[in-house]
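Residue-level structural notes
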Amino acid sequence: MAEFDDERIASLKQRRKAAFLDRFLTVAGLALAGASAFFPWYVFFNAEKFGINVAASSNSRELPDWPARNVLSVSPLAMVNKNEAAKKVPPIDPLTTATVSDLGKARDGGDLLEEQPFPGKSSFRLLHVSNGRALIEDPSGMYVVRIGSILPDESRLATLEQRDGKWVIITSKGEIYKND
């Protein structure tokens, strides 16, 4: 009978240890969950302790307000090949529209080639100019470009100028985009 009591006592001790361990793990888990829920709020209300500290500086990255200088050299990448511009390629409609053009019909003394306009100008806008680079935006995103970079309208950036206090970029096609 003593053996039975010893086994029973050992079993009770083991159950008590297991119950204590279960309670401890439950309390620890609840405490960890509470701390995890509270911590983002602590960070939110104490942002000065967790934020990025930016050193105050009197240096500006903006370009000085000096008058514009003449561009003495242009990047070779921004120059237009005059031979390509001289070639006149008849426009081709790459879409099958099941329509018949009247190009073959004789007109009253006019040119038989009709101009097919591109369905919408590839528009982008100039956002900012700094340190010889320009930030432009079009519907697909924002880009940093410099002289010679290919622009969204398939031209190249020829010059960055300041006219009447506002920045403008001039493309290799001669188009001018102003900073609004």
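Calculation rules
- Residues numbered from 1 in each chain as written.
- Predicted model: local features only at pLDDT ≥ 70, side-chain atom pairs only at ≥ 80, totals over all residues.
- Heavy atoms only, no water.
- Patch = residues over 30% accessible without salt bridge, like charges linked within 9 Å, V, L, I, M, F, W, Y side chains within 5 Å.
- Areas by Shrake-Rupley, 256 points an atom, 1.4 Å probe, with all protein chains shown as cover.
- Salt bridge = Lys/Arg side-chain N within 4 Å of Asp/Glu carboxyl O.
- Helix = DSSP H or I, 4+ residues; strand = E, 2+ residues; numbered from the N terminus.
- Phe/Tyr/Trp six-rings, centres within 6.5 Å; stacked < 30°, edge-to-face > 60°.
- Buried < 20%, exposed > 50% of the residue type's maximum accessible area, 1.4 Å probe, protein only.
- Polar contact = N/O pair within 3.5 Å; in protein donor to acceptor, adjacent residues only side chain to side chain.
- Contact = heavy atoms within 4.5 Å.
- Pairing = 2+ DSSP bridges.
- Axes fitted to C-alpha atoms, helices over the stretch in contact; angles between N-to-C directions.
- Core = buried A, V, L, I, M, F, W, Y, C linked by side-chain atoms within 4.5 Å.

What follows concerns a nonpolar patch on the surface. On the surface, Phe-20, Leu-21, Phe-24 and Leu-25 cluster together into a nonpolar patch covering about 460 Å² of accessible area. Note on placement: Leu-21 falls in helix α1 (residues 2-45).

With that settled, consider the packing of aromatic side chains. Enumeration according to the criterion identifies five aromatic pairs in this entry. A network of ring pairs unites the aromatic residues Trp-41, Phe-44 and Phe-45 as a single cluster.

Turning our eyes to something else, we now look at the side chain of Ser-155. Examined against the element boundaries, Ser-155 turns out to sit in the loop between β3 (141-146) and β4 (157-163). The buried category is assigned to Ser-155, whose relative accessible area is 1%. A polar atom in the side chain of Ser-155 sits 2.6 Å from the side chain of Asp-153. In contact with Ser-155, other than residues within four places in its own chain, are Ser-149, Ile-150, Thr-171, Ser-172 and Lys-173.

Another aspect to go through is the sheet that holds strand β6 (residues 176-178). Ordered in space as β4-β5-β6, the three strands form an open sheet in which the pairing is antiparallel. Both outer strands of the open sheet, β4 and β6, are each paired with one neighbouring strand and no more. The average angle at which neighbouring strand axes cross in this sheet is 25°, direction not considered. Pairing between strand β5 (residues 166-171) and β6: three bridges, direction antiparallel. Each residue of the ladder has a partner; that of Val-168, found in β6, is Lys-178.

So, about the nonpolar core. Formed by Phe-124, Leu-126, Val-129, Ala-134, Ile-136, Val-145, Leu-151, Leu-157, Leu-160, Trp-167, Ile-169 and Tyr-177, the largest nonpolar core amounts to 12 residues. Looking at this core, the elements that each hand over two or more residues are β1 (125-130), β2 (133-138), β4 and β5. Leave out the neighbours within four places in its chain, and Leu-160 touches Val-129, Gly-132, Arg-133, Ala-134, Ile-147, Trp-167, Val-168 and Ile-169.

Scanning all chains against the criterion turns up two salt bridges. Here Glu-137 makes a salt bridge to Arg-125, at a shortest N to O gap of 2.9 Å. Highlighted residues: Glu-137 in strand β2 and Arg-125 in strand β1, separated in sequence by 12 residues. Close ionic contact of Arg-163 with Glu-161 constitutes a salt bridge, the shortest N to O distance being 3.0 Å. Owing to a relative accessible area of 24%, Glu-161 belongs among the partly exposed residues under this scheme.

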